[in-house]
Amino acid sequence: MAGTSRQINSANAYIDAEFVMAPKDFAVEGRTIVVNPNLTPVTVGQEPVRHIPAFSSTVLVDTTIEQGDSVLLLRVLDEGNMADVVNQPGWSLFADLLPGFPRTTLLYRGPVERIGTVEFDPGLALGEEKPLGPRTFEISVNLWFAPAGTDCAIHNVHEFIEIHSQIHGYGRMQKFKERDHNTLYEDQLMSPGHTPPVPFCRTRPDGGFTYPWHQYRADTDCVWLAVEYHAV
Ligand SMILES: [Fe+2]
């Protein structure tokens, strides 16, 4: 068994969160959400050997990760009291972080951690028609919480590529034609261990990213992981 494993600052009494570099026959104990934040596949150590694709995740139970560039491992420790996660160190009501964000929207963000850099071609990574050449991205991760029934605000601006992995509860990643809930055109259901494998954005000629109007909606109390790729 090899790989450099460390807890990241998303970890707390409710959710364990670990970042493993270069896992090799790495033991996964108990029920664990395994996120592949790379463009390269992560393989699972069971026959027939199959992989966790890029920008994707699964739930593994008492098995091994055969190999990969890196993985994020998340384990729910206290399913019954998850709403208290927002009282853990480093958590904030999002309205306290972003001036003007509505205080009635009970969206909470956990501590942000930069976990390293990765090099990939954003054109290829986003499944576009042509490669754009390799670029280096800094990866940052954080958890979010919203109580049942929360619409977490429709937005369409990010200067990074983002993906989301469901950790606890049931929610949705939604796309809209306009900044209006009545214009929903795609509704991706999120259950624990799921990451929509196609990021929502496309590249722009100036190096930025174009997003549709989108939001997270919590059907039950929800925790999800955001993984962001910031060009450096
Ligand atoms: Fe977003």
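Residues numbered from 1 in each chain as written. Predicted model: local features only at pLDDT ≥ 70, side-chain atom pairs only at ≥ 80, totals over all residues. Heavy atoms only, no water.

*Asks:* I'm lost on the coordination of the iron ion in this one. Help?
*Replies:* By definition of the ideal shapes, a tetrahedral metal site with four donors has angles of 109.5 degrees and an octahedral site with six donors has angles of 90 or 180 degrees. Distances from the iron ion to its protein donors, namely His155 (NE2), His158 (NE2), Glu162 (OE) and His214 (NE2), fall within the range 2.1 to 2.2 Å. In this structure, the iron ion is surrounded by four donor atoms whose angles at the metal cover 83 to 171°, and the resulting shape is irregular. In the primary sequence, the donor residues of the iron ion line up as H-x2-H-x3-E-x51-H. In this pair, His158 sits in the loop between β10 (135-146) and β11 (161-168) while His214 sits in strand β16 (residues 213-218), placing the two residues 56 residues apart along the sequence. When sorted by exposure, His158 lands in the same class as His214, which is buried. (Donors = N, O, S within 2.8 Å, 3.2 Å for Na, K, Ca; no water. Tetrahedral: all angles 85-135°; square planar, octahedral: opposite > 155°, others 65-115°. Helix = DSSP H or I, 4+ residues; strand = E, 2+ residues; numbered from the N terminus. Buried < 20%, exposed > 50% of the residue type's maximum accessible area, 1.4 Å probe, protein only.)

*Asks:* I'm lost on the environment of Ser70 in this one. Help?
*Replies:* Along the chain, the position of Ser70 falls in strand β6 (residues 70-76). For Ser70, a relative accessible area of 4% puts it in the buried group. Along the backbone, Ser70 and Phe26 are 44 residues apart, and their C-alpha atoms lie at a distance of 11 Å. If near-sequence neighbours (up to four positions away) are discounted, Ser70 is found in contact with Phe19, Val20, Met21, Ala22, Pro23, Asn36, Pro37, Asn38 and Val42. (Contact = heavy atoms within 4.5 Å.)

*Asks:* Any chance you could explain the packing of aromatic side chains here in plain terms?
*Replies:* The geometry of an aromatic ring pair comes down to the distance between the two centres and the angle between the two planes. Considering all chains together, one arrives at nine aromatic pairs under this definition. Both rings, one in Phe55 and one in Phe120, keep their centres 6.0 Å apart while their planes meet at 80°; by these two values the pair is edge-to-face. A residue pair is termed long-range when its members are at least 10 positions apart, and Phe55 in the loop between β4 (51-52) and β5 (56-67) and Phe120 in strand β9 (residues 113-120) qualify at 65 residues. The pair formed by Phe55 and Phe120 is uniform in burial state, with each residue classed as buried. Where Phe94 meets Trp144, the ring centres are 5.1 Å apart and the plane angle is 75°; that geometry is what we call edge-to-face. Of the two residues, Phe94 sits in helix α1 (residues 94-97) while Trp144 sits in strand β10, which places them 50 residues apart along the sequence. On the basis of relative accessible area, Phe94 is assigned to the buried category, the value being 14%. Residue Trp144 is classed as buried on the basis of its relative accessible area, which comes to 12%. Grouped by ring-pair contacts, the aromatic residues Phe94, Phe101, Trp144, Tyr216 and Trp224 constitute a single cluster. Its guanidinium or amino end placed over the ring of Phe200, Lys175 lies 4.6 Å from that ring's centre, counting from NZ or CZ. (Phe/Tyr/Trp six-rings, centres within 6.5 Å; stacked < 30°, edge-to-face > 60°. Lys NZ or Arg CZ within 6 Å of the ring centre and 35° of its normal.)

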